[in-house]
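# Summary of structural features
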Amino acid sequence: MLDAKIPKGPLDQKWSTYKSTCKLVNPANKRKLEVIVIGTGLAGASAASSLGELGYKVKAFCFQDSPRRAHSIAAQGGINAAKNYQNDGDSVYRLFYDTIKGGDYRSREGNVHRLAEVSASIIDQCVAQGVPFAREYGGLLSNRSFGGTQVQRTFYAAGQTGQQLLIGAYQSLERQVALGNVKMYSRHEMLEIVMIDGKARGIIARNLVTGELERHFGHAVLLCSGGYGNVFYLSTNAMGSNVTAAWKAHKRGAYFGNPCFTQIHPTCIPVSGEHQSKLTLMSESLRNDGRIWVPLKQNDTRRPSEIPETERDYYLERRYPAFGNLVPRDVASRAAKERCDAGYGVGSSRQAVYLDYAFAIDRYGMIECNKQGINNPTKEQLRHYGVEVVKEKYGNLFDMYEKITGENPYEIPMRIYPAVHYTMGGLWVDYELQTNIPGLYALGEANFSDHGANRLGASALMQGLADGYFVIPYTIGNYLADEIRTTNIPTSHPAFEEAEKNTRDRIEKLMSIQGTESPESFHKRLGKIMWDKCGMARNAQGLQEAITEIRALREEFWRNVKVTGAINEFNPELDKAGRVADFIELGELMCMDALNRKESCGGHFREESQTEEGEALRDDDNFMFVSAWEFKEGYNWELHKEALEYEVVHPSQRSYK
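Keep in mind that this is a model prediction, so the values were computed, not measured.

## Some remarks on the sheet that holds strand 10 (residues 256-257)
One open sheet accounts for 4 strands, arranged 16-10-18-19; its pairing is antiparallel. Strands at the two margins of the open sheet, each flanked by one partner only, are strand 16 (426-427) and strand 19 (636-643). As paired strands, strand 10 and strand 18 (residues 625-632) are joined by 2 bridges and run antiparallel to one another. Within strand 18, the residue paired with phenylalanine 256 across the bridge is tryptophan 629. Contacts between helix 7 (residues 244-251) and the sheet are confined to strand 10, strand 16, strand 18 and strand 19, with strand 18 contributing the most and set at about 75° to the helix. Packed on one face of the sheet, helix 17 (residues 572-596) meets strand 10, strand 18 and strand 19 and runs near 140° to strand 18.

See the structure below:
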């Protein structure tokens, strides 16, 4: 079994004990140590800026033209923190418990409690940076509800929280760049990890503008490169989001944890046709005030305004009265799929449900009319004031929906359907966020550690910033304290030579095939296999078929892909080909992991393992472990297990009723 290095002692004292006893690096020695950071989203930007502030020499890499383009910018709804401003019963323990339960008891207690502990400090840090969180009339920061909780703990900046948080982290990063503590490499993609004496000692990166391969040494390498949701092709991720950095580390020996744990977000604009290359997320915060329903009658073609209240099924409120529309994402997604599969879907595709704001507009309108002293408001007055409040809270989201669909969501209920969003799996890391390769760390969505089998809404931003601002500055010192005698290894070292040669050979092989099919078409075909057979519901037969089909697709890819352009130039088609090749390999491992885990938990729903009411049915006796897969030659994998031990929370059948 794998050792997660969880500190001894009571759960609520593990992190403080660790910080008090870990090794330190004195300021003079920090200036001699170099750290490489891959990715400049919330985890990467916060880590690079924090380590630069401490005095380390940092090199930060992103494939975008600016760190501000990282996909964290797309997060909309908010960030969780246990500050209990609402005085509604929240606490560090409750945030910890909700996260463990939301992840269906497949996450690590020690990591999750630490995350809950530092959550309050994240908000203070971001306020100090000038992040414009929404505020109440009296000046206190405002909170709203998100799925999987019964308290209001989500801080937000309208519907653009990720953008505002990233700008805050970016400003911190740029300050360190200006001071010379961080060197920024934009338009660079990491294509290989360099290993020397069993430790991560650098990377091979490709300059995406010139095509040149570059060698970079580091005493440690931090992967903050995000998740792998684009393995499904259609997802809410940016088109450039990929798994390449993590996958290269995996093929060099880093274990991949729980790859089958992917999250389907219930609140996305439905697929409209074959032309689409990505899907658009409507923030989960909309479930805070919106009500979700379908017609009571199958195949009902009436407009929503023509369907009276008595003929509507508010199915989440009916099935889960305690949480209603605020059940976790996996529960809400499966419920929407069940209704649509049963013939109650709406819209032209019948693959959608309604998200209705009429009730919220009336409620907010009445509150505002009371403020104005209007005792018997007309419908027009209620609507006028109610719409104004909704615009203030969610206006940019409503505008985005109207631009995409051509429908006014203030007048017509939104149509939503689940789509691939986040990945809970990632590189296996211990309590220090270090992979099984010494000197190689994974932060944020690139690791598996905090969310188990399902992530609660608004917890991604929390984890990314917690890892970068408050965890890695301590844990990396515990490793680097023993590396101060390691002088900078020249990039002429044979390990760098070999890594660059392997990278160059692979690129030349991709260019030499000159087949007939584009990388994009292979990506689409992979996505269809994954969505159909390893998507919202999985079964043994479908997964076995998917593995066979993906292996055949991989062979065809390396025989028939066509990459246009040249190597030593700006060539997005070549970049895409390399990323698709990695996605194909990952897809096979995801299906293998899903086939091996013969239980349902969180976002991993095996049809063979469900309750009489259609809920996920765990098998704690046989599967209470982290799956950590080791890559072997010839596209084989060996499974290692980390046993999950619960000292404080006692796993039980999840219920949101």
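## Topic: the pattern of salt bridges
Oppositely charged side chains can pair when the atoms bearing their charge come close. Per the counting criterion, the structure on display carries 58 salt bridges. The partner of arginine 312 in a salt bridge is glutamate 309, and the shortest N-O contact between them spans 3.3 Å. The closest approach of N and O atoms between arginine 654 and aspartate 330, which form a salt bridge, is 2.4 Å. Placement of arginine 654 in the segment after strand 19 and of aspartate 330 in helix 10 (residues 329-344) is noted, with a sequence separation of 324 residues between them. Aspartate 330 gets classed as buried once you look at its relative accessible area, which sits at 4%. Members of the salt-bridge network, linked through shared partners, are Asp104, Arg106, Asp330, Arg334, Arg597, Glu599, Arg618, Asp620 and Arg654.

## Describing the packing of aromatic side chains
In this description, a pair of aromatic rings is defined by centroid distance and the angle of the planes. Inspection of every chain in the model, using the stated rule, returns 27 aromatic pairs. Geometrically, the ring pair formed by tyrosine 357 and tyrosine 394 is edge-to-face, given 5.6 Å between the ring centres and 75° between the ring planes. You can see tyrosine 357 sitting in the loop between strand 14 (353-356) and helix 11 (358-372) and its partner tyrosine 394 sitting in helix 12 (residues 379-405), a full 37 residues away along the chain. Here tyrosine 357 matches tyrosine 394 in class, with each residue buried. Across the ring face of tyrosine 364, the terminal group of arginine 363 is positioned such that the distance to the ring centre comes to 4.7 Å.

## Some remarks on the pairing of strand 19
Summarising the sheet, strand 18 and strand 19 pair through 8 bridges and their orientation is antiparallel. When the sheet's bridge partners are listed, valine 626 is paired in strand 19 with glutamate 642. In sequence, strand 18 turns back onto strand 19 through a hairpin of 3 residues, with glycine 634 there showing a positive phi of about 75°.

## A look at the nonpolar core
Grouped together as the largest cluster of nonpolar side chains are 149 residues, with contacts concentrated most on Ile79, Leu222, Ile476 and Phe557. The greatest single-element share of this core, amounting to 12 residues, is contributed by helix 17. Judged by nonpolar contacts, the second largest core, of 34 residues, contains Ile292, Val327, Ala332 and Met414.

## Concerning the environment of tyrosine 18
Residue placement: tyrosine 18 occurs in helix 1 (residues 14-21). A relative accessible area of 8% places tyrosine 18 in the buried class. In this structure, the C-alpha to C-alpha distance between tyrosine 18 and isoleucine 6, residues 12 residues apart in sequence, is 9.2 Å. Setting aside chain neighbours within four positions, we find tyrosine 18 in contact with Pro7, Tyr431, Glu432, Tyr474, Thr475 and Asn478.

## Concerning the sheet that holds strand 17 (residues 440-442)
An order of 5-2-1-9-17 is seen for the 5 strands of this open sheet, with the pairing classed as parallel. The sheet terminates laterally at strand 5 (182-185) and strand 17, the two strands that pair on one side only. Each strand of the sheet is rotated relative to its neighbour by a mean of 20°, with strand direction disregarded. Its contacts with the sheet place helix 13 (residues 459-480) against strand 1 (34-38), strand 9 (220-223) and strand 17, and it is angled at close to 150° to strand 9.

## Overview of the packing of helix 4 (residues 92-102) against helix 5 (residues 109-129)
In helix packing, the relevant descriptors are the interaxial angle and the interaxial distance, both defined with respect to the helix axes. Taken N-terminus to C-terminus, the directions of helix 4 and helix 5 make an angle of 135°; their axes are 9 Å apart at the nearest point. Taken together, helix 4 and helix 5 sit at an angle that is classed as oblique. Crossing geometry of helix 4 relative to helix 5 is assigned as right-handed. Between helix 4 and helix 5, the contacting residues are Val92, Leu95, Phe96, Thr99 and Ile100 on the first element and Glu109, Val112, His113, Ala116, Glu117 and Ser119 on the second.

## Description of helix 15 (residues 519-534)
Each turn of an α-helix holds 3.6 residues, which means side chains three or four residues apart point in the same direction. A rise of 1.5 Å per residue sets the reference length of helix 15, with its 16 residues, at 22 Å; its end C-alpha atoms lie 21 Å apart and thus fit the reference within 8%. Among all positions of helix 15, only Pro519, Ser521, Phe522, His523, Leu526, Gly527, Ile529, Met530, Lys533 and Cys534 are buried. Those residues of helix 15 that are buried are in contact with helix 16 (540-560) and helix 17.

## Notes on the domain arrangement of the chain
What the domain assignment lists for the chain is domain 1 (267-418) and domain 2 (492-623). Here the C-alpha centre of domain 2 lies 34 Å away from the C-alpha centre of domain 1. Residue-level contacts link 8 residues of domain 1 with 9 residues of domain 2. Taking both sides of the interface into account, the surface hidden between domain 1 and domain 2 amounts to around 740 Å²; carbon and sulfur atoms contribute 54%. Among the residues domain 1 hides against domain 2, the three largest losses belong to Asp330, Arg334 and Lys337. Together they make up 54% of the total. Counting across the interface, domain 1 meets domain 2 through 1 salt bridge. Arginine 319 is the partner of glutamate 615 in a salt bridge, and the nearest nitrogen-oxygen pair spans 3.3 Å. Taken together, the connections running from domain 1 to domain 2 amount to 4 residue pairs in polar contact (both at pLDDT 80 or more).

## Considerations on the state of the cysteines
Taken as a whole, this structure holds 0 disulfides when the rule is applied. Take cysteine 534: it sits in no disulfide, and the sulfur closest to it among the cysteines is that of cysteine 591, at 4.2 Å.

## Some remarks on empty space enclosed by the protein
Empty space left among the atoms is revealed by rolling a probe the size of a water molecule over them. All told, the structure shown has 5 cavities of 30 Å³ or more when counted by the stated rule. Estimates place the volume of the largest cavity at around 70 Å³. Around the largest cavity sit Thr262, Gln263, Ile264, Asp330, Ser333, Arg334, Asn454, Met536 and Gly603, which together line it. Residues that form the lining of the largest cavity fall into these classes: 2 nonpolar, 5 polar and 2 charged. Its volume calculated, the second largest cavity comes out at about 50 Å³. What lines the second largest cavity is a set of 13 residues, and nearest its centre among them are Gly226, Tyr228, Val243, Ala246 and Ala446.

Rules used in this analysis
Along each chain, residue indices are assigned from 1 in the same order as the chain's sequence is written. Where totals are concerned, whole chains, interfaces and linings use all residues; where local detail is concerned, this predicted model gives features only for residues with pLDDT of at least 70, and gives and counts side-chain atom pairs only at 80 or more. Side-chain descriptors were evaluated using all non-hydrogen atoms of the structure, hydrogens and water having been removed beforehand. Note: two strands are recorded as paired if DSSP finds a minimum of 2 bridges between them. Where helices and strands are cited, they refer to DSSP runs of H or I of at least four residues and of E of at least two residues respectively, numbered from the N terminus. By the convention used here, residues are in contact when the closest approach between their heavy atoms is within 4.5 Å. Between the N-to-C directions of two axes lies an angle of 0 to 180 degrees, each axis being a line fitted to C-alpha atoms and, for a helix, fitted only over the stretch in contact. Salt bridges are defined as contacts in which a side-chain nitrogen from Lys or Arg sits within 4 Å of a carboxyl oxygen from Asp or Glu. The cut-offs for exposure are 20% and 50% of the maximum accessible area for each residue type, with area from a 1.4 Å probe on protein chains only; residues under the lower value are buried, those over the upper are exposed, and the others partly exposed. Any two rings among Phe, Tyr and Trp, with Trp reduced to its six-membered ring, count as a pair given centres within 6.5 Å; such a pair is stacked if its planes are under 30 degrees apart, edge-to-face if over 60, and tilted if neither. A positively charged side chain is recorded as over a ring if its NZ (Lys) or CZ (Arg) lies within 6 Å of the ring centre. The angle to the ring normal must also be within 35 degrees. As used here, the term nonpolar core means buried Ala, Val, Leu, Ile, Met, Phe, Trp, Tyr and Cys residues forming a set that is joined through side-chain atoms within 4.5 Å. Angle categories are assigned with fixed cut-offs, so that under 35 degrees is roughly parallel, over 145 is roughly antiparallel, 65 to 115 is roughly perpendicular, and the rest are oblique. Handedness of a helix crossing follows the sense of rotation of the near helix relative to the far helix, less than a right angle counterclockwise being left-handed and clockwise being right-handed. In this scheme, a helix's expected span is set at 1.5 Å multiplied by one less than its residue total. Domain delimitation follows an automatic or database domain assignment. As a working definition, buried area equals the accessible area (1.4 Å probe) given up by two parts on being put together, with both sides summed. Distance and chemistry together define a polar contact, namely a pair of N or O atoms within 3.5 Å, with one atom able to donate a hydrogen and the other to accept it when in protein, and with adjacent residues in sequence counting only for side-chain atoms on both sides. The disulfide criterion used throughout: a pair of cysteine sulfur atoms within 2.5 Å. A pocket, in this scheme, is an open set of points on a 1 Å grid over the protein atoms alone with protein on both sides within 12 Å along at least 5 of 7 lines, while a cavity is a set where a 1.4 Å probe fits but cannot get out; residues line either one if an atom lies within 4 Å of a point. Grid points are joined across faces, edges and corners, and a volume is the space filled by probe spheres set on the points. Here the term charged refers only to Asp, Glu, Lys and Arg, the term nonpolar to Ala, Val, Leu, Ile, Met, Phe, Trp, Tyr, Cys and Pro, and the term polar to all other amino acids, Gly among them.

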